[in-house]
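# Structural overview for review
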Amino acid sequence: PGTLDARAAAILASTGPVAEKVALLRALRDTAAPSTLHWLDVALHASSNAPDARAHLLPNFALEQMTELAVSDERARGSLQRIAFDSTELALELRRRAVAAYAAVCAPEQLNDLSAQLWRERDELSLAGALSALASRPDEPRVQSVLDAHHYTRSETSLDEAQSSN
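Residues numbered from 1 in each chain as written. Predicted model: local features only at pLDDT ≥ 70, side-chain atom pairs only at ≥ 80, totals over all residues. Heavy atoms only, no water.

### A short note on the packing of aromatic side chains
Applied cut-off: Pairing of aromatic rings covers Phe, Tyr and Trp, the last through its six-membered ring, and needs centres within 6.5 Å; plane angles under 30 degrees mean stacked, over 60 mean edge-to-face, and all others mean tilted. In DSSP terms, a helix is any run of H or I states spanning at least four residues, a strand is any run of E spanning at least two, and both are numbered starting from the N terminus. Buried means the residue's accessible area, taken with a 1.4 Å probe over protein chains only, is under 20% of the maximum for its type, while exposed means over 50%, and partly exposed covers the values in between.
The full count for this structure, using the stated rule, is 1 aromatic pair. A ring pair is formed by Phe85 and Tyr102, whose centres lie 6.2 Å apart and whose planes are at 85°; its orientation type is edge-to-face. In this pair, Phe85 sits in helix 5 (residues 74-86) while Tyr102 sits in helix 6 (residues 92-105), placing the two residues 17 residues apart along the sequence. Here Tyr102 falls in the buried class, since its relative accessible area comes to 0%.

In structure tokens, the structure reads:
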């Protein structure tokens, strides 16, 4: 992991191929490097204006990896929450996916905070994505109370309907 860490900044900042960057992130995760979340965050904020036509793949991959880690890792959930709700420089579509991902994996004790964040959410697609993700957790009573608070019913609001209205 130390060698990977030492090379991570240079590789992620380079104009090299996206595949090399994805391989680095995968290696960091596979070795359980303590800095994995940091480098995933760096990759999430990678510019989509990079010369490689597939540059958008890096932030998408980083979000997928962070979401997978967040299922069982409290630190990863915290990072995902910060990215979803506090990251103003993230591309809107990626932030929308982060909001929905966080709603899908947040712990029951984080639902009150999530509900408050959703009340402040100004982007309708982010809100719809989060509520839809929460609706996929029907066996959790606290989830239902968040859905009820936001007057969510599957027939009333869905991500597909919100997208078609824009």
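### Here's the deal with helix 7 (residues 111-120)
So the rule is basically this: This arc describes the spread of directions from the helix axis toward the C-beta atoms. Any two residues whose heavy atoms approach within 4.5 Å at even a single point are treated as in contact.
Looking at helix 7, one finds that the buried residues are Leu111, Leu114, Ser115, Gln117 and Leu118. Axial view of helix 7: buried residues confined to an arc of 165°, hence all on one face. In helix 7, the exposed positions angled more than 90 degrees off the buried face are occupied by Asn112, Trp119 and Arg120. Structurally, helix 7 contributes buried residues whose contacts are with helix 5, helix 6, helix 8 (124-135) and helix 9 (141-149).

### Some points on the environment of Arg82
Tracing the backbone through its elements, the reader meets Arg82 in helix 5. When the C-alpha atoms of Arg82 and Tyr102 are compared, they prove to be 9.5 Å apart, with 20 residues separating the residues in sequence. Contact partners of Arg82, with chain neighbours within four places excluded, come to Asp41 and Ser87.

### Section: unusual backbone geometry
Residues other than glycine seldom take positive phi values, yet Ala32 does so here, at roughly 55°. Judged by relative accessible area, Ala32 falls into the exposed class, the value being 59%.

### So, the side chain of Ser87
Formally: Polar contacts, as counted here, are pairs of nitrogen or oxygen atoms within 3.5 Å of one another; within protein the pair requires one atom able to donate a hydrogen and one able to accept it, and residues that are adjacent in sequence qualify only if both atoms are side-chain atoms.
Summarising the element assignment, Ser87 is placed in the loop between helix 5 and helix 6. Residue Ser87 is classed as buried on the basis of its relative accessible area of 6%. Of the polar contacts made by the side chain of Ser87, one reaches the side chain of His45; its length is 2.8 Å. Filtering out sequence-adjacent residues up to four positions away, Ser87 remains in contact with His45, Arg82 and Arg95.

### Quick word on helix 3 (residues 36-44)
Taking burial as the measure, the 9 residues of helix 3 include 7 buried ones, the bulk of the element. Here helix 3 has its buried residues at Thr36, Leu37, Trp39, Leu40, Asp41, Ala43 and Leu44.

### A short note on the nonpolar core
Operational definition: What we call a nonpolar core is a set of buried Ala, Val, Leu, Ile, Met, Phe, Trp, Tyr and Cys residues that are connected through their side-chain atoms within 4.5 Å.
Grouped together as the largest cluster of nonpolar side chains are 48 residues, with contacts concentrated most on Leu25, Leu44, Leu80, Leu114, Leu118 and Leu134. Once you skip the residues sitting within four places of it in the chain, Leu44 turns out to touch Pro59, Ala62, Leu63, Met66, Ile83, Leu90 and Leu94.

### Things to note about the confidence of the model for the protein chain
We apply this condition: Values of pLDDT, the confidence the predictor places in each residue, fall between 0 and 100.
Of the residues in the protein chain, 85% reach a pLDDT of 70 or more, and the chain-wide mean stands at 86. The least confident element of the protein chain is helix 10 (residues 159-165), whose mean pLDDT is 49; the most confident is helix 6, at 96.

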